[in-house]
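Structural characterization, general
Spelled out from the first residue to the last, the chains are:
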Amino acid sequence: MKKKIALITGITGQDGSYLAEILLKKNYVVHGMKRRSSYFNTSRLDHIYIDPHYKTNFFLHYGDLVDANSSANLISKIKPDEIYNLAAQSHVATSFQLPEYTSQVNAIGTLKLLESIRTLNLTSKTKFYQASSSELFGDIKEKKQSELTPFNPQSPYAVSKLFAYWITKNYRDSYGMFACNGILFNHESPRRGETFVTKKITMSLCRIALGIENCLYLGNIYSLRDWGHARDYAEMQWKILQQKKPEDFVIATEKQYSVKFFVEECCKYLGIKINWIGKGLNEKAIVVSFNEKQCPGLKKNMTIVRIDKKYFRPLDVVNLIGNAKKARAKLGWKPKYNIKQLINEMMQFDYKNALKNK
């Protein structure tokens, strides 16, 4: 039986690495597109290279979504059955500083991929998955956000992703292309990028516990998010392209927690009891008690979390929670990880790494 061929843009990222594993286990030939960098950025994929069962079906290529020729040439060469567009400038705060670059990669980059499928006459062969984001919903009043919720983006990142969402739907409707959007709510893992708030929390608290850092600085700790595990969400990306007809899906746990809750659960993992004092920018977390063996860098009454206004966004989305009813019904969606399992896995990973670097 002929193996399916998949192309994953952004394969070196969190989602790309999990998706590559999933597809290889399903006997796909997997091609990944990665940007040229001055440093090695394939750490999330290194284990695949050394696995004899997978490495013969796994290939990496240099490319960039802002360079139409690189993506078009690659698509023409491998003629993939499925394309998963996971590449993006994916940091919301950075998008305020780099709005034009964010738009070029996230919006125009998606258009160039879709146009390559069309002009290479692969419309009837190649299925396309676009990684959309819950940030599309922005400042909304609905209790839970579904596929029918109006979009109200609050950042250059979200606006660029909104263009990508609509151009994917437009090519589906205009050219009969099997093109789908996965509107994924926040999903984390030990492979999460270090600039994202969950990873920043887990890494910093582990390092503070060991005496490597002194304090964790955060922005709005009352922002509410729907957090799942990236491994669960990567599985859904594949399932979205296995449907009989192309549709868009919200993927979410339908449970919501604050950044403050996330901090508290990470502290519990380390055996740290904290007390929050102060309000607004003066709010901070003080150590009440701790596991001395696991946290040799701590002292009683030590301040380990402070608020810093520089980490607040110009426009902040404070209340996101998904309605994944459609995905439950059509994809059989049910997350395998809950929030505490996710936090424990991230903390275990980052504590081990912090010990190595102590």
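Quick look at the structure, then. Bear in mind the structure is a predicted one, so any value in this text is a computation, not a measurement. (Residues numbered from 1 in each chain as written. Predicted model: local features only at pLDDT ≥ 70, side-chain atom pairs only at ≥ 80, totals over all residues. Heavy atoms only, no water.)

1. Digging into the overall build of the chain
Helix and strand counts for the chain come out as 11 helices and 15 strands. For 358 residues, the compact-globule estimate of 2.2 N^0.38 gives 21 Å, and the chain sits close to it at 21 Å. By principal-axis analysis of the C-alpha atoms, the chain measures approximately 65 × 50 × 40 Å. The buried share of the chain, reckoned over its 358 residues, is 54%. Partitioning the intrachain contacts of the chain with sequence separation of at least 6 by distance along the chain shows that 76% fall at a separation of at least 24. Of the roughly 16700 Å² of accessible surface on the chain, 51% is carried by carbon and sulfur atoms. (Helix = DSSP H or I, 4+ residues; strand = E, 2+ residues; numbered from the N terminus. Rg over C-alpha atoms; globule rule 2.2 N^0.38 Å. Buried < 20%, exposed > 50% of the residue type's maximum accessible area, 1.4 Å probe, protein only. Contact = heavy atoms within 4.5 Å. Areas by Shrake-Rupley, 256 points an atom, 1.4 Å probe, with all protein chains shown as cover.)

2. Considering the sheet that holds strand E8 (residues 216-218)
Strand order in the open sheet formed by 4 strands is E8-E15-E14-E13, and the pairing between neighbours is mixed. Every other strand in the sheet has two partners, leaving E8 and strand E13 (273-277) as the edge strands with one partner each. Direction aside, the axes of adjacent strands within the sheet are offset by 25° on average. As paired strands, strand E14 (residues 284-289) and strand E15 (residues 303-307) are joined by 3 bridges and run antiparallel to one another. Along E15, the bridge assignment pairs Lys-284 with Arg-306. Packed onto the sheet, helix H9 (residues 259-270) meets E8, E13 and E15 and runs at close to 150° relative to E13. (Pairing = 2+ DSSP bridges. Axes fitted to C-alpha atoms, helices over the stretch in contact; angles between N-to-C directions.)

3. Remarks on the sheet that holds strand E3 (residues 58-62)
Judged by pairing direction, the sheet is parallel, and its 7 strands sit side by side in the order E3-E2-E1-E4-E5-E6-E11 without closing on themselves. The open sheet has two edge strands, E3 and strand E11 (249-251), and neither has a second partner. Strand-to-strand, the axes of this sheet are offset by a mean angle of 20°, without reference to chain direction. In this fold helix H6 (residues 156-175) packs onto strand E5 (127-133) and strand E6 (179-184), with an angle of close to 150° to the strand it touches most, E6.

4. Some points on a nonpolar patch on the surface
Taken together, Val-66, Leu-98 and Tyr-101 make up a surface patch of nonpolar side chains, about 230 Å² in accessible area. With respect to the secondary-structure elements, Leu-98 resides in the loop between helix H4 (92-97) and helix H5 (99-119). Of the residues examined, Leu-98 reaches a relative accessible area of 41% and is grouped as partly exposed. (Patch = residues over 30% accessible without salt bridge, like charges linked within 9 Å, V, L, I, M, F, W, Y side chains within 5 Å. Salt bridge = Lys/Arg side-chain N within 4 Å of Asp/Glu carboxyl O.)

5. Quick look at unusual backbone geometry
A positive phi angle, near 70°, is found at Asn-27, a position not held by glycine. With respect to the helices and strands, the residue Asn-27 is situated in the loop between helix H1 (14-25) and strand E2 (29-34). In this structure, Lys-79 takes a positive phi of about 45° despite not being glycine. One can find Lys-79 in the loop between helix H3 (68-78) and strand E4 (82-85). Lys-79 gets classed as partly exposed once you look at its relative accessible area, which sits at 41%.

6. Looking at the pattern of salt bridges
Oppositely charged side chains may form a pair once their charged atoms are brought near each other. In the structure shown here, the tally under the stated rule is 17 salt bridges. The partner of Asp-173 in a salt bridge is Lys-169, with the nearest N and O atoms 2.9 Å apart. Of this pair, Asp-173 and Lys-169 both sit in helix H6, separated by 4 residues, roughly a single helical turn. Look at Lys-169 and you get partly exposed, because its relative accessible area is 25%. Connected through salt bridges with shared partners, the residues Glu-247, Lys-326 and Lys-330 form a single ionic network.

7. Focus: H5
Its 21 residues place the ends of H5 29 Å apart at the C-alpha level, agreeing with the 30 Å of an ideal helix rising 1.5 Å per residue. At Ile-108, H5 shows its maximal bend, which comes to roughly 35°. The set of residues buried in H5 consists of Thr-102, Val-105, Asn-106, Ala-107, Gly-109, Thr-110, Leu-113, Leu-114, Ser-116 and Ile-117. Immediately downstream of H5, the backbone of Asn-121 shows phi near 60°, a positive value. (Expected span 1.5 Å × (residues − 1). Bend = angle between axes of the 7 residues up to and from the residue.)

8. Observations concerning H1
One turn of the α-helix equals 3.6 residues, which is why residues spaced by three or four share an orientation. Taking 1.5 Å per residue as the helical rise, H1 with its 12 residues ought to reach 16 Å, and the 17 Å between its terminal C-alpha atoms agrees with that figure. Taken across its 12 residues, H1 has 11 buried, putting it largely inside the fold. Every buried residue of H1 is listed here: Gln-14, Asp-15, Gly-16, Ser-17, Tyr-18, Leu-19, Ala-20, Glu-21, Ile-22, Leu-23 and Leu-24. In the stretch just after H1, Asn-27 is the one whose phi turns positive, near 70°.

9. Observations regarding the state of the cysteines
Following the criterion strictly, the structure yields 0 disulfides and no others. Cys-267 supplies the cysteine sulfur nearest to Cys-266, a cysteine that is in no disulfide, at a spacing of 7.1 Å. Here Cys-266 falls in the buried class, since its relative accessible area comes to 0%. (Disulfide = S-S within 2.5 Å.)

10. Points about the packing of helix H7 (residues 197-209) against helix H11 (residues 339-357)
Packed helix pairs are characterised by how far apart their axes lie and by the angle those axes make with each other. Where H7 meets H11, the axes come as close as 9 Å, and the angle between the chain directions of the two elements is 45°. In this view, H7 runs oblique relative to H11, as classed from their interaxial angle. With respect to the hand of their crossing, H7 and H11 are arranged in right-handed fashion. Of H11, the residues touching H7 (which contributes Thr-198, Lys-199, Thr-202, Met-203, Cys-206 and Arg-207) are Met-346, Met-347, Phe-349, Asp-350, Tyr-351 and Ala-354. Classifying every residue of the contact of H7 with H11 by side-chain character gives 7 nonpolar, 2 polar and 3 charged. (Parallel < 35°, antiparallel > 145°, perpendicular 65-115°, else oblique. Left-handed = near helix turned anticlockwise from the far one by under 90°. Nonpolar A, V, L, I, M, F, W, Y, C, P; charged D, E, K, R; others polar.)

Functional significance is not addressed by these values, which are geometric in nature.
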